[in-house]
Amino acid sequence: MKIRPFHLERYFAQHEFSARYLLSSSDCDGFSLSEILLMANPKEREQWNSLQLGYTESSGLPELREEIAKLYKGASPDDVFVLSPGEANFIAMNVLLQAGDHVICMAPAYQSLYEVARSVGTDLSFWNPVLNQAAWYYDPKELEKLITDRTKLIILNFPHNPTGYIPTKDDYYKIISIARARGIFIFADEMYHLLEHHPQDILPPMCEVYERSISLWGMAKTFALAGLRLGWVVCKDTAVMEQMKRYKDYLTICNPSTSEVLALIALRNKHKLIEHNLKKIAANLQLFTKFCEQHSQHFQFAPTRAGSTAFVKWLGKEPSLAFSDKLVTNTGIMTLPAEMFDFGSSHFRIGFGRKNMHEPLEILSRYLRANY
Ligand SMILES: Cc1ncc(COP(=O)(O)O)c(C=O)c1O
């Protein structure tokens, strides 16, 4: 199987560990091992200290699957399969799709969401948003127009990376009824679930409300534990689930025991982790909104309602990739240009999850005033 390079990950590989400031990361600052272990009760601490570093159960630690099932109304541990999110996406696309199928994916998107489907030989259509007064909008009517007789799968990502978009409940159920009327499967990447900025915007996970769907979530974004490399899918279709499990035997086989126990402790303390991240995102969103007001000749931005990222319109003449390359060389600030999303050259992703955000914004402000 041949697959194109993952542009975003290659750009991060180039700059993430050498740039001084990361202004475009989608995760929040990671919690430390000691912070997580401090949250453990005596029984969990003992579980950690006596942990064996052997192979683990392929579907995931039973206690962890139980804890994850509690996050979904009507789910049982048997509906949960623990694996890394990238692996889940890779497996799901290979299990659900074959060459010649038609697939619809939101754009811009985290590339693996559509690139794996493309590598299988499917025919891809993108559901593009419109920019309405600097705010993004995904119109379900536009989605409906893309559907053909061969449409097998719709790939969604709410809250959305990079735009920070979350649909209204009304639009969410419209999307579901479009899929349900034609028996189309939905792959719902919910990596940013519970990072909605207002509780009233939180959507029910797709697997709770649509029987032909897979919900994906994990530890990296909502819980700021990307280093665990752990996530899960929840799916009520037992045949699909069984095929996914068989596929994993050719990839990681099973999960790291260390990550499973740490994820268990973290999920049992999820409110503390989420509150911490949401506070940081809210403060940074305010900072960035003010920054954009002062730089209205450079950027167009409408505050987002969900997730830890925004996709901001760049008003400069230079393509965003050229600007990003110069910026990281001249100031040490890494930004992520639209080119990494196969989405033109006039936007940047901004990340709100880093506590030092005021520092790169001050430097960027001076840089823009001096050079643009
Ligand atoms: C929408 C989306 N899905 C999946 C992933 C992959 O998550 P992980 O880093 O935990 O593998 C990411 C990571 O950035 C993402 O933004």
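Treat the numbers as computed from the prediction; the structure is a model and nothing was measured.

J.: Would you mind going over the domain arrangement of the protein chain in detail, with residue names and values included?
T.: For the protein chain, the domain assignment lists domain 1 (7-32 + 271-371) and domain 2 (52-269). Relative placement of domain 1 and domain 2: their C-alpha centres are 25 Å apart. Each partner contributes to the interface: domain 1 provides 35 residues, whereas domain 2 provides 38 residues. Of the roughly 2,800 Å² buried at the junction of domain 1 and domain 2 (both faces included), carbon and sulfur atoms supply 57%. Linking domain 1 with domain 2 are one salt bridge. A salt bridge links R305 to D201; its shortest N-O distance comes to 2.8 Å. Here domain 1 and domain 2 share 20 residue pairs in polar contact (both at pLDDT 80 or more) between them. At the level of elements, helix 1 (7-15), helix 12 (270-294), strand 12 (309-314) and strand 15 (347-351) are the ones that each hand at least two residues to the side of domain 1 that touches domain 2. Here the side of domain 1 that touches domain 2 gets eight residues from one element, more than from any other, and that element is helix 12. Grouping the amino acids of the side of domain 1 that touches domain 2 by side-chain chemistry returns 16 nonpolar, 11 polar and eight charged.

J.: I'd love a proper account of the sheet that holds strand 12, names of residues and values included.
T.: Taken together, the four strands give an open sheet; going across it, the order is 11-12-15-14, and neighbouring strands pair in antiparallel fashion. Single-partner strands in this sheet number two, and they are strand 11 (299-300) and strand 14 (336-337). By the bridge criterion, two bridges tie strand 14 to strand 15 in an arrangement that is antiparallel. Bridge pairing in strand 15 places P337 opposite F348.

J.: I'd like to hear about helix 6 (residues 112-119), residue by residue, with values.
T.: Taking burial as the measure, the eight residues of helix 6 include six buried ones, the bulk of the element. Downstream of helix 6 by a residue or two, G121 has a phi angle that is positive, lying close to 100°.

J.: How would you summarise the side chain of S257 if you had to cite specific residues and measurements?
T.: With respect to the helices, strands and loops of the structure, S257 is situated in helix 11 (residues 257-268). Overall, S257 belongs to the buried group, its relative accessible area being 9%. There is a polar contact of 3.2 Å between the side chain of S257 and the backbone oxygen of Q52. Ignoring sequence-local partners within four residues, the contact set of S257 consists of L51, Q52, L53 and T56.

J.: So, the environment of D201: which residues are in play, and what are the values?
T.: Residue position: D201 is located in the loop between strand 8 (185-189) and helix 9 (206-209). Along the backbone, D201 and P159 are 42 residues apart, and their C-alpha atoms lie at a distance of 9.8 Å.

J.: Talk me through the pairing of strand 10 (residues 231-235); I want residue IDs and the actual numbers.
T.: Taking burial as the measure, the five residues of strand 10 include five buried ones, the bulk of the element. The alternating pattern of strand 10 places G231, V233 and C235 on one face and W232 and V234 on the opposite face, and all of these are buried. Across four bridges, the pairing between strand 2 (residues 80-83) and strand 10 is antiparallel. For F81, the partnering residue across the bridge sits in strand 10 and is V233. Summarising the sheet, strand 9 (residues 213-218) and strand 10 pair through five bridges and their orientation is antiparallel. Bridge pairing in strand 10 places G218 opposite G231.

J.: Describe in detail the site of the ligand, supporting the description with residues and values.
T.: Residues in close proximity to the ligand include S26, P85, G86, Y110, N157, N161, D189, M191, Y192, A220, K221 and R229, which together make up its full environment. Between the ligand and the protein, one listed contact pairs an oxygen atom with a side-chain N or O atom of N161 at 2.7 Å. The contact in question runs from an oxygen atom of the ligand to an N or O atom on the side chain of R229, over 2.8 Å. The cavity that encloses the ligand is the largest pocket. In terms of residue class, the shell around the ligand is made up of five nonpolar, four polar and three charged.

J.: I'd love a proper account of the sheet that holds strand 2, names of residues and values included.
T.: An order of 2-10-9-8-7-3-4 is seen for the seven strands of this open sheet, with the pairing classed as mixed. For this open sheet the edge positions go to strand 2 and strand 4 (123-127), each flanked by a neighbour on one side alone. Between one strand axis and the next, the sheet turns by 20° as a mean value, whatever way the strands run.

J.: Break down the packing of helix 5 (residues 85-96) against helix 10 (residues 238-248) for me, with residues and values.
T.: The interhelical angle for the contact between helix 5 and helix 10, taken along N-to-C directions, is 120°, at an axis separation of 9 Å. Considering their axes alone, helix 5 and helix 10 lie oblique with respect to each other. Our pair here, helix 5 against helix 10, has a crossing hand that is right-handed. Contacts between helix 5 and helix 10 pair E87, A88, F90, I91, A92, N94, V95 and L96 from the former with V240, Q243, M244, Y247 and K248 from the latter.

Criteria and cut-off values
- Residues numbered from 1 in each chain as written.
- Predicted model: local features only at pLDDT ≥ 70, side-chain atom pairs only at ≥ 80, totals over all residues.
- Heavy atoms only, no water.
- Domains from an automatic or database assignment.
- Contact = heavy atoms within 4.5 Å.
- Buried area = accessible area lost by both parts, 1.4 Å probe.
- Salt bridge = Lys/Arg side-chain N within 4 Å of Asp/Glu carboxyl O.
- Polar contact = N/O pair within 3.5 Å; in protein donor to acceptor, adjacent residues only side chain to side chain.
- Helix = DSSP H or I, 4+ residues; strand = E, 2+ residues; numbered from the N terminus.
- Nonpolar A, V, L, I, M, F, W, Y, C, P; charged D, E, K, R; others polar.
- Pairing = 2+ DSSP bridges.
- Buried < 20%, exposed > 50% of the residue type's maximum accessible area, 1.4 Å probe, protein only.
- Near = heavy atom within 4 Å.
- 1 Å grid on protein atoms, 1.4 Å probe; cavity = no way out; pocket = protein on both sides within 12 Å on 5 of 7 lines; lining within 4 Å.
- Sits in = over half its atoms within 2 Å of the grid points.
- Axes fitted to C-alpha atoms, helices over the stretch in contact; angles between N-to-C directions.
- Parallel < 35°, antiparallel > 145°, perpendicular 65-115°, else oblique.
- Left-handed = near helix turned anticlockwise from the far one by under 90°.

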